[in-house]
2 protein chains.
Amino acid sequence: MARRTSSAYKSVYSSRRRAVFRLVAARVKASALLVSKPEDVGYLSGFGGQDSWLLLGRRWACLITDGRYAEQARAECDDVEIHIRTGTVVAAIAEILKGRGVRCLVLQADHVTVAQRRDISAALPTKRVKPVSGLLWTLRRCKDAQEIRAIGKAVRIAQEGFRQMLSAGAKGWAGRSEREVAAELDHRMRLAGADRPAFDTIVAGGSRASQPHYLPGSTKIKRTDAVLVDWGAMAGGYCSDLTRMVFLGRIPPKLVEVYEVVRRAQRAGILAIRPGVSCRSVDLAARKVIAAAGYGEQFVHSLGHGIGRDVHEPPVLAGSSRTRVRAGMVVTVEPGVYLPGVGGVRIEDDILVTPSGRRRLSSLPRSCEATVLR
Amino acid sequence: MARRTSSAYKSVYSSRRRAVFRLVAARVKASALLVSKPEDVGYLSGFGGQDSWLLLGRRWACLITDGRYAEQARAECDDVEIHIRTGTVVAAIAEILKGRGVRCLVLQADHVTVAQRRDISAALPTKRVKPVSGLLWTLRRCKDAQEIRAIGKAVRIAQEGFRQMLSAGAKGWAGRSEREVAAELDHRMRLAGADRPAFDTIVAGGSRASQPHYLPGSTKIKRTDAVLVDWGAMAGGYCSDLTRMVFLGRIPPKLVEVYEVVRRAQRAGILAIRPGVSCRSVDLAARKVIAAAGYGEQFVHSLGHGIGRDVHEPPVLAGSSRTRVRAGMVVTVEPGVYLPGVGGVRIEDDILVTPSGRRRLSSLPRSCEATVLR
């Protein structure tokens, strides 16, 4: 059944596998790649389960899973071999490699643990084992058409949940706890099609918004609060990541200027994005606006990060980055100013780098940033 | 503020740190331990944030975090040093170790990646680095009083969400999708105090329950379905993990016998638990019941696993286990029989091993297993 319906996807996965194998072969001859990071296994095979590894050779690929996922693997992966292991993963690897002429097994150095590497080396005494860093990111940081559609869907689901919160918000968020508001937003995203939230949703009212990674507690939201909401959906294996300020009444006087500065900084950051520029120059474009307004010290994090199967991926939009912006990257642009004891402002959108510039995947209206709930 | 209110917790964390350091010192002299697994960092310090590591010496402990978590770290950890890094974690480690007389840094071999180990070794040229496996599990697999209370709370929250689903179920689950029912259960747990679900909730109707790790889809639940629900709450850093069968009408004839067999197997498994017996004998006690009824081949997974900060922890109740049951362990007992094309039955409770035997932490009434919704 999967074979009939997924021919387009089949070619996507096999062409990704060919591309990653070219990178491997350029470094190490007569090798196979062991893919252990679950997001990479999904990227290269379409498999969405857990506890499963992908072994990749020049003209073959084999998913190593167990009985719990046998049916799912057969439905989702129609052009890779499926090995249902009954012993350890390492024993399965040794068995699969027999007679394939592999002289070196390449491992994902950023994911394989020291203990796993030791066990693998012990099981493959006649073969070399070579850990390599960042192989998959070389491909994954630029998204293909299927991935851009999937991220777009995750963005729409997150927006749908948020829009419903605002329209249902006639009764007001005031008097409800941050935790309740976060739980309802998550639930609405779920009903709109999310598999789960992409990360723990942040709902921070009043002065609590000065903590960039505040987790919603039992504190009740006040009628006069500015509320920072940072949320995203995970759907079909891809993430979205958005932030909006919700003002229950007027914008608090101490935040009026900051809010304008952050809006301008975000616009400057987004407009700086185009293929070929450095990631640090994008960070700088936004940071300059905030620094010029005197809030440079209060912008305590980098401007943004890639999103995809992971909610934080390369590239990072930061002063320390050495990467250049390339078409197909999808990044957050999320400047923020945090004033301890007063509050915080952050605005975040998801931006696709196009051959000619950029496209905002998120379509929440600008005015939504300052929605006044009735 | 934290200093005044958390003296009891303070002693819990420092006594855990002393215990783990005794294990380290018994193996490696003049050493420090780098704790990188987030659940272990929380276990030893009380810190609940992310991206933070704990460095542990004979008479000192230092949490390495960054600006995003500065306020949270100061509030949650009052008896460890807090190092707010601006550079890399590895640079912070090198700086903190200066002048402390440490000659060997012990790493968590089951968590540190090959790339991290390489970076750490390069930054500490004059010191030895020694990866060790399983250090923390030696302590964590037996829970102390604070942990047992926390797991008990996670169990109560999961049960509260489920009870509400049943009582609100007057309108019936029939006609709703599995995904909707799972989303509502998750939401009710959240409102009852969960930080999030402990894992992706399984709601599998009819024949789909034959897949042990089925994920709820858009299929509508039928009025005649037997529905397998496997769910748990994460609260205060601890997990619960429960499974019940919900029969919307009568028990389907093909499952009547299987249901009785699984109930008897679960009782036998629970009654076999007491300090000193082997984990494999507990697995066998339940498995024998199922095998005697002729369903041995359809019980495709192990009987249970430890729960705590991780939803799957040591020990495993399985034929391959070499561990003995000890007081303070908290394990699931979850026999199941899966009949492809027909359906599946699993029943799961969370059991604390006491000095004299066992105590069921979950208190859902037995009859709940076969609740007939009106």
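Please read all numbers here as calculations on a predicted model, not as lab measurements.

Conventions we followed
- Residues take numbers from 1 onward in each chain, read along the sequence in its written order.
- Chains and ligands are labelled sequentially in the order written, the chains with letters from A and the ligands with numbers from 1.
- Totals for whole chains, interfaces and linings use all residues, but because this is a predicted model, local features are given only for residues with pLDDT of at least 70 and pairs of side-chain atoms are given and counted only at 80 or more.
- Excluding hydrogens and water, the side-chain values take into account all heavy atoms of the structure.
- Strand pairing requires that DSSP identify at least two bridges connecting the strands.
- Runs of H or I in DSSP of at least four residues are treated as helices and runs of E of at least two as strands, each being numbered from the N terminus.
- Interaxial angles span 0 to 180 degrees and are taken between N-to-C directions of axes, which are lines fitted to C-alpha atoms, for helices over the stretch in contact.
- Throughout, a contact is declared for two residues whenever any of their heavy atoms are within 4.5 Å.
- Buried area is calculated as the accessible area (1.4 Å probe) missing from two parts once they are joined, with the contributions of both summed.
- Take a side-chain nitrogen of Lys or Arg and a carboxyl oxygen of Asp or Glu: if they are within 4 Å of each other, that pair is a salt bridge.
- A 3.5 Å cut-off defines polar contacts: any pair of N or O atoms within that distance qualifies, except that in protein one atom must be a possible hydrogen donor and the other a possible acceptor, and neighbouring residues in sequence count only when both atoms are side-chain atoms.
- Residue classes follow a fixed rule: Ala, Val, Leu, Ile, Met, Phe, Trp, Tyr, Cys and Pro count as nonpolar, while Asp, Glu, Lys and Arg count as charged, and any other residue, Gly among them, counts as polar.
- The buried label goes to any residue with under 20% of its type's maximum accessible area, the exposed label to any with over 50%, and the partly exposed label to all in between, with areas taken from a 1.4 Å probe on protein chains only.
- The distinction between a cavity and a pocket rests on a 1 Å grid over the protein atoms alone: a 1.4 Å probe fits inside a cavity but cannot get out, while a pocket stays open yet meets protein on both sides within 12 Å along at least five of seven lines, and a residue with an atom within 4 Å of a point counts as lining.
- Grid points are joined across faces, edges and corners, and a volume is the space filled by probe spheres set on the points.
- Delimitation of the domains relies on an automatic or database domain assignment.
- Our angle categories are set so that under 35 degrees counts as roughly parallel, over 145 as roughly antiparallel, 65 to 115 as roughly perpendicular, and the remainder as oblique.
- In this scheme the crossing of two helices becomes right-handed for a clockwise turn of the near helix relative to the far one and left-handed for an anticlockwise turn of less than a right angle.
- Each copy is superposed on the other by least squares, with the fit set by C-alpha atoms of residues at a pLDDT of at least 70 in both.

Quick word on the sheet that holds strand 4 (residues 81-84) of chain B
Residue and element names in this part refer to chain B.
Part 1 of the reasoning: What the 6 strands build is an open sheet, ordered 4-3-2-1-5-6; its pairing is mixed. Every interior strand has two partners, whereas the edge strands, strand 4 and strand 6 (128-132), have only one. Between one strand axis and the next, the sheet turns by 25° as a mean value, whatever way the strands run.
Part 2 of the reasoning: Most of the contacts of helix 6 (residues 114-123) go to strand 6, to which it runs at about 155°, and overall it touches strand 1 (31-35), strand 2 (53-56), strand 5 (104-108) and strand 6.

Here we look at the interface of chain B and chain A
Part 1 of the reasoning: Taken together, the contacts link 31 residues of chain B with 31 residues of chain A.
Part 2 of the reasoning: Buried surface at the junction of chain B and chain A, summed over both partners, amounts to about 2800 Å²; 50% is from carbon and sulfur atoms.
Part 3 of the reasoning: Its largest share of buried area at the contact with chain A, chain B owes to V114, R190 and H213 of chain B, together 22% of the area lost on that side.
Part 4 of the reasoning: Joining chain B to chain A, the criterion identifies 6 salt bridges.
Part 5 of the reasoning: Counting across the chain B and chain A interface gives 19 residue pairs in polar contact (both at pLDDT 80 or more).
Part 6 of the reasoning: Looking at the side of chain B that touches chain A, the elements with two or more residues in it are helix 6 and helix 9 (178-191) of chain B.
Part 7 of the reasoning: Considering each element in turn, the side of chain B that touches chain A owes the most residues, 9 residues, to helix 9 of chain B.
Part 8 of the reasoning: Class assignment for the residues of the side of chain B that touches chain A results in 10 nonpolar, 8 polar and 13 charged.

Quick word on the sheet that holds strand 12 (residues 242-247) of chain A
Residues and elements named next belong to chain A.
Part 1 of the reasoning: Taken together, 3 strands build an open sheet; the order of strands is 8-9-12 and the sheet is antiparallel. Whereas interior strands pair on both sides, the edge strands pair on one side only; in this sheet they are strand 8 (202-205) and strand 12. Sheet twist, expressed as the mean angle between neighbouring strand axes with direction ignored, is 15°.
Part 2 of the reasoning: The sheet contact formed by strand 9 (residues 226-231) and strand 12 spans 6 bridges and is antiparallel. If you follow A226 over to strand 12, its bridge partner there is F247.
Part 3 of the reasoning: The sheet contacts of helix 9 (residues 178-191) involve strand 8 and strand 9, and relative to strand 8 the element is tilted by about 145°.

Some thoughts on the environment of G217 of chain B
All names here are of chain B.
Part 1 of the reasoning: Relative to the elements of secondary structure, G217 occurs in the loop between strand 8 (202-205) and strand 9 (226-231).
Part 2 of the reasoning: Sequence-wise, G217 and G205 are 12 residues apart; in three dimensions their C-alpha atoms are separated by 9.9 Å.
Part 3 of the reasoning: In this structure, G217 is in contact with S177, E178 and R179, ignoring residues within four places of it in sequence.

What about the environment of A73 of chain B?
Residues and elements named next belong to chain B.
Part 1 of the reasoning: Note on placement: A73 falls in helix 4 (residues 70-76).
Part 2 of the reasoning: You can call A73 buried: its relative accessible area is 0%.
Part 3 of the reasoning: The spatial distance from the C-alpha of A73 to the C-alpha of Q164 is 36 Å, given a sequence separation of 91 residues.
Part 4 of the reasoning: When residues no more than four places from it in sequence are discounted, the contact partners of A73 are F47, L63, T65 and I82.

A short note on empty space enclosed by the protein
Residue and element names in this part refer to chain B.
Part 1 of the reasoning: Going through the model one piece at a time under the given rule, you end up with 1 cavity of 30 Å³ or more.
Part 2 of the reasoning: The calculated volume of the largest cavity comes to roughly 30 Å³.
Part 3 of the reasoning: Lining the largest cavity, in full, are P38, V41, G42, F47, G49, Q50, D51 and S52.
Part 4 of the reasoning: Along the lines of polarity and charge, the residues of the lining of the largest cavity split into 3 nonpolar, 4 polar and 1 charged.

Some details on unusual backbone geometry
All names here are of chain A.
Part 1 of the reasoning: Of note, the amide linkage connecting P314 to P315 takes the cis form, showing an omega dihedral of 0°.
Part 2 of the reasoning: Locating P315 in the fold gives a position in strand 14 (residues 313-317).
Part 3 of the reasoning: Despite not being glycine, D51 shows a phi value in the positive range, around 55°.
Part 4 of the reasoning: Looking at the secondary structure, you find D51 in the loop between helix 3 (38-45) and strand 2 (53-56).

A closer look at the side chain of R244 of chain A
All names here are of chain A.
Part 1 of the reasoning: Positionally, R244 belongs in strand 12.
Part 2 of the reasoning: The class for R244 is buried, based on a relative accessible area of 0%.
Part 3 of the reasoning: A polar side-chain atom of R244 sits 3.2 Å from the main-chain carbonyl oxygen of E348.

Concerning the domain arrangement of chain A
All names here are of chain A.
Part 1 of the reasoning: With domains assigned, chain A is organised as domain 1 (7-140) and domain 2 (145-373).
Part 2 of the reasoning: The C-alpha centroid of domain 2 is placed 35 Å from the C-alpha centroid of domain 1.
Part 3 of the reasoning: Listed as interface residues are 10 residues of domain 1 and, on the opposing side, 7 residues of domain 2.
Part 4 of the reasoning: Together, the buried faces of domain 1 and domain 2 total about 830 Å²; carbon and sulfur atoms form 41% of this surface.
Part 5 of the reasoning: Taken together, the connections running from domain 1 to domain 2 amount to 3 salt bridges.
Part 6 of the reasoning: A salt bridge links D310 to R140, with the nearest nitrogen and oxygen atoms 2.8 Å apart.
Part 7 of the reasoning: Elements supplying a minimum of two residues to the side of domain 1 that touches domain 2: helix 2 (7-27), helix 3 and helix 7 (135-140).
Part 8 of the reasoning: Looking at which element gives the most residues to the side of domain 1 that touches domain 2, the answer is helix 2, with 4 residues.
Part 9 of the reasoning: Classifying every residue of the side of domain 1 that touches domain 2 gives 5 nonpolar, 1 polar and 4 charged.

Quick look at the packing of helix 10 (residues 253-271) of chain A against helix 11 (residues 279-292) of chain A
Residues and elements named next belong to chain A.
Part 1 of the reasoning: Interaxial distance between helix 10 and helix 11 falls to 8 Å at its minimum, and their mutual angle equals 155°. Put simply, helix 10 runs roughly antiparallel to helix 11. As for the relative orientation of helix 10 and helix 11, their crossing is right-handed in sense. Here helix 10 contributes V261, R264, A265, A268 and G269 to the contact with helix 11, which in turn contributes V282, A285, A286, V289 and I290.
Part 2 of the reasoning: Here the residues of the contact of helix 10 with helix 11 are counted per class, giving 8 nonpolar, 1 polar and 1 charged.

Some thoughts on the pattern of salt bridges
Residues and elements named next belong to chain A.
Part 1 of the reasoning: Summed over all chains, the structure comprises 50 salt bridges over all chains.
Part 2 of the reasoning: Among the ionic pairs, R100 bridges to E81, the shortest N-O distance being 2.8 Å. You can see R100 sitting in the loop between helix 5 (89-97) and strand 5 (104-108) and its partner E81 sitting in strand 4 (residues 81-84), a full 19 residues away along the chain.
Part 3 of the reasoning: A residue is classified by how much of its surface remains accessible, and R100, at 29% relative accessible area, is partly exposed.
Part 4 of the reasoning: Taking relative accessible area as the criterion, E81 reaches 34% and is therefore assigned partly exposed.
Part 5 of the reasoning: Note that R360 and D349 form a salt bridge whose closest N and O atoms lie 2.9 Å from each other. Within this pair, whereas R360 is found in strand 19 (residues 357-360), its partner D349 is found in strand 18 (residues 349-354), the two being separated by 11 residues in sequence.
Part 6 of the reasoning: Note on R360: relative accessible area 27%, which makes it partly exposed.
Part 7 of the reasoning: The exposure class of D349 is buried, given its relative accessible area of 0%.
Part 8 of the reasoning: Salt bridges here are not isolated pairs; linked through shared partners, they connect K37, E39, D40, R140, K143, D310 and E313.

What about the relation of the copies chain B and chain A?
Part 1 of the reasoning: Of the two same-sequence chains, chain B is brought onto chain A (RMSD 0.0 Å, axial shift 0.0 Å) by a rotation of 180°. Read as a symmetry element, the transformation amounts to a two-fold axis. Minimal C-alpha distance to the rotation axis in chain B is attained by T113 of chain B, lying at 2.0 Å.
Part 2 of the reasoning: Of the interface residues in chain B, 100% have counterparts in chain A that sit at the interface too, so the contact is made through matching surfaces.

Focus: the packing of helix 9 of chain A against helix 9 of chain B
Part 1 of the reasoning: Viewed as axis vectors pointing N to C, helix 9 of chain A and helix 9 of chain B meet at an angle of 175°, and their least axial separation amounts to 10 Å. With respect to helix 9 of chain B, the axis of helix 9 of chain A lies roughly antiparallel. For the pair helix 9 of chain A and helix 9 of chain B, the contacting residues are R179, E180, A182, A183, E184, D186, H187, R190 and L191 of chain A in the first and R179, E180, A182, A183, E184, D186, H187, R190 and L191 of chain B in the second.

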